[in-house]
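# Coordinate inspection notes
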Amino acid sequence: MTVEITSAAELTELLGTPAPRAAVKERTTLHERDRQWLAASPFCLVATAGADGSCDVSPKGDPAGFALVLDDRTIAIPERPGNRRADGYRNILANPHVGLIFLIPGRTDTLRINGRARLLSDAPWFDEMVVKGHRPVLAVVVEIEQIFYHCAKAFLRSHLWQPETWPVDPLPSRARLIKEVEAPAETLTELERHYGPEYASKLYV
């Protein structure tokens, strides 16, 4: 039998209420430890939703400290060369609410930030975001509405940072996946050349 949850009351009855510490841990301004976390984080996930409710989650990665702290309630994330789909950015233009999760390799807890985002094509502090000669053409500025640390259970359950538990890669190469799933005009040889050793040398081009 399939049982669907259709109300907040049903959800609470099933899951229970948050523990006191979890219920009150939200903050609205950066603590010094949050600044240290951001300075150590090389990776985050950016969740957005369009005006129609359609969602997107985009990974952002750069050298540790890539998220620039502008003040106690504002951070900025640079854009780097990518596939130019800009799904999340289009969502931000329609709906400014974003959710961010910042990771530090090896850490099983994470830093979560929810807030309102704007897109800037330039600002004086863009010069502080230069990496390997690449000055971003766009940055996401996030005004913090909620910030808190998330517990470690998901990472502990998944063994994400434990290499000894990682399976032998069960899937074909990136090039072969694209050829089989997306059926592009390029040959497999051309795709393998594109995603070969030189791919990592073009991250900021």
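Our structure is the block above this text.
Report follows, based on the coordinates. (Residues numbered from 1 in each chain as written. Predicted model: local features only at pLDDT ≥ 70, side-chain atom pairs only at ≥ 80, totals over all residues. Heavy atoms only, no water.)

Our focus in this paragraph is the overall build of the chain. Along the backbone of the chain there are 7 helices and 7 strands. Secondary structure elements of the chain, listed N to C terminal, follow the sequence α-α-α-β-β-β-β-α-β-β-β-α-α-α. Along the first, second and third principal axes, the C-alpha atoms of the chain reach 55 × 55 × 40 Å. Out of the 205 residues in the chain, the part that is buried amounts to 31%. In the chain, of all internal contacts separated by at least 6 residues, the share reaching a separation of at least 24 is 63%. Carbon and sulfur atoms make up 56% of the accessible area of the chain, which amounts to about 13600 Å² in all. Side chains of the chain give 24 positive and 27 negative charges; the mean places of these two sets differ by 3 Å. (Helix = DSSP H or I, 4+ residues; strand = E, 2+ residues; numbered from the N terminus. Buried < 20%, exposed > 50% of the residue type's maximum accessible area, 1.4 Å probe, protein only. Contact = heavy atoms within 4.5 Å. Areas by Shrake-Rupley, 256 points an atom, 1.4 Å probe, with all protein chains shown as cover. Lys, Arg positive; Asp, Glu negative; His and termini not counted. Charge placed at Lys NZ, Arg CZ, Asp CG, Glu CD.)

The next point concerns helix α4 (residues 87–94). Listing the buried residues of α4 in full gives G88, Y89, N91 and I92. Looking straight down α4, one finds that the buried residues subtend no more than 155° of arc, so they occupy a single side. Of the residues in α4, the exposed ones pointing more than 90 degrees away from the buried face are R90 and L93. (Arc of directions from axis to C-beta.)

Turning to a nonpolar patch on the surface, a few remarks are in order. Together, I5, L11, L14 and L15 line one region of the surface with nonpolar side chains, adding up to about 410 Å² of accessible area. Within the element layout of this structure, L15 appears in helix α1 (residues 8–15). (Patch = residues over 30% accessible without salt bridge, like charges linked within 9 Å, V, L, I, M, F, W, Y side chains within 5 Å. Salt bridge = Lys/Arg side-chain N within 4 Å of Asp/Glu carboxyl O.)

Sheet topology note: the strand β4 (residues 74–78)/strand β7 (residues 139–150) ladder contains 5 bridges and is antiparallel. Across the sheet, P78 pairs through a bridge with A139, a residue of β7. Across 11 bridges, strand β6 (residues 110–120) lies against β7 in antiparallel orientation. Across the sheet, the residue bridging to R112 is F148, located in β7. (Pairing = 2+ DSSP bridges.)

Let us look at the side chain of N95. Within the secondary structure layout, N95 lies in the loop between α4 and β5 (97–103). A polar atom in the side chain of N95 sits 3.1 Å from the backbone oxygen of A49. N95 has contacts with A49, G50 and A51, leaving out every residue within four places of it along the chain. (Polar contact = N/O pair within 3.5 Å; in protein donor to acceptor, adjacent residues only side chain to side chain.)

Overall, the coordinates contain 0 disulfides when judged by the stated rule. With no disulfide partner, C55 has as its closest neighbouring cysteine sulfur the one in C44, 17 Å distant. Left unpaired, C151 is separated from the closest cysteine sulfur, that of C44, by 19 Å. (Disulfide = S-S within 2.5 Å.)

On inspection of all chains with the given rule, the structure shows 5 aromatic pairs. Between F155 and W161, the ring centres sit 6.1 Å apart and the planes meet at 15°, which makes this aromatic pair stacked. Measuring from ring centre to ring centre gives 5.1 Å for Y195 and Y199, while their planes differ by 45°; the resulting arrangement is tilted. On the basis of relative accessibility, which here comes to 26%, the residue Y195 falls in the partly exposed class. Look at Y199 and you get partly exposed, because its relative accessible area is 40%. (Phe/Tyr/Trp six-rings, centres within 6.5 Å; stacked < 30°, edge-to-face > 60°.)

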